[in-house]
Amino acid sequence: MFEISFGELLVIGAVALIVLGPERLPTVARTIGALVGRAQRFVASVKSDIHQQSQMAGLQELKQDVQDAANAFRDQVQREVDETRQVAQDIAYSVEPVGAAVQASASELARIAHEASHPSESIAPEDMLAAAGVVPEPQPVVDEGQLDLFAPPATTSASDQSVAEPRS
C-alpha cells in the first residue's frame, strides 16, 4: 500500500523523537499502533461485507435461475397436460359414434336373446350356431357298455397286482 523504506522510517522516528520528546513518544507510538490496528480491522470488516454481498448477489442470481427453471418446467408440464386433455377429448368425441354402434349391437343381441328364450317357432340349436357362423365338431358316440378291443390295456399298479394274485 504505502511504499516506505527502512531509511524513511528512521527519519520519521528521529523527527518524532525531537518533536515529541522521549517521555511522550512511547504513548504516541501505542496510540498510533491501536489506530492502525483499528483501521486494519475496519478494512477487514469492509472486505468481509463486500465478500458477503457478492456471495448474496451470486445466491440471488442462482435463486433467480432456479426460479426461472422451475417456472419453465411448470409451464412445459402444463402445456403437456393441456395437450393430453385435448387428445383425450378428441378420443372421447371419436368414440361416441362407436359407443352408439356398440349400444345398438347390444340392444340387437338382447332382442335376439329374448327371441331365443321366447321363440314363436322352434329353432334348432344347430341352426342358431350355423346362423352365427359356428360349426360344432361332431362328437363320437361312445357306448360305455361296449368293450373296445383296440384300446390299450389298462395298467395296474403294484398294489392292485398284489390284491389280484392269490397268496400261497
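Each value, and the rule that gives it
Residues numbered from 1 in each chain as written. Predicted model: local features only at pLDDT ≥ 70, side-chain atom pairs only at ≥ 80, totals over all residues. Heavy atoms only, no water. Helix = DSSP H or I, 4+ residues; strand = E, 2+ residues; numbered from the N terminus. Buried < 20%, exposed > 50% of the residue type's maximum accessible area, 1.4 Å probe, protein only. Areas by Shrake-Rupley, 256 points an atom, 1.4 Å probe, with all protein chains shown as cover. pLDDT = per-residue confidence, 0-100. Expected span 1.5 Å × (residues − 1). Patch = residues over 30% accessible without salt bridge, like charges linked within 9 Å, V, L, I, M, F, W, Y side chains within 5 Å. Salt bridge = Lys/Arg side-chain N within 4 Å of Asp/Glu carboxyl O.

### A short note on the overall build of the chain
Then, in step 1: Assigned secondary structure in the chain consists of 4 helices and 0 strands.
Then, in step 2: Within the span of the chain, comprising 168 residues, buried residues form 1% of the whole.
Then, in step 3: A total of about 15,600 Å² of accessible surface is found on the chain, and carbon and sulfur atoms cover 63% of it.

### Regarding the confidence of the model for the chain
Then, in step 1: The pLDDT averaged across the chain works out to 78; a share of 65% of its residues lies at or above 70.
Then, in step 2: Mean pLDDT per element in the chain: helix α4 (residues 158-164) is the minimum at 52, and helix α1 (residues 6-20) is the maximum at 87.

### Some points on α1
Then, in step 1: With 15 residues, α1 should reach 21 Å at 1.5 Å per residue; the first-to-last C-alpha distance of 21 Å fits that figure.
Then, in step 2: Remark: G21 follows α1 within two positions and exhibits a positive phi of approximately 90°.

### Some words on a nonpolar patch on the surface
Then, in step 1: Taken together, the side chains of I4, F6, L9, L10 and I12 present a nonpolar region at the surface, about 540 Å² in accessible area.
Then, in step 2: Of note, L10 is situated in helix α1.
Then, in step 3: Its relative accessible area of 52% is what places L10 among the exposed residues.

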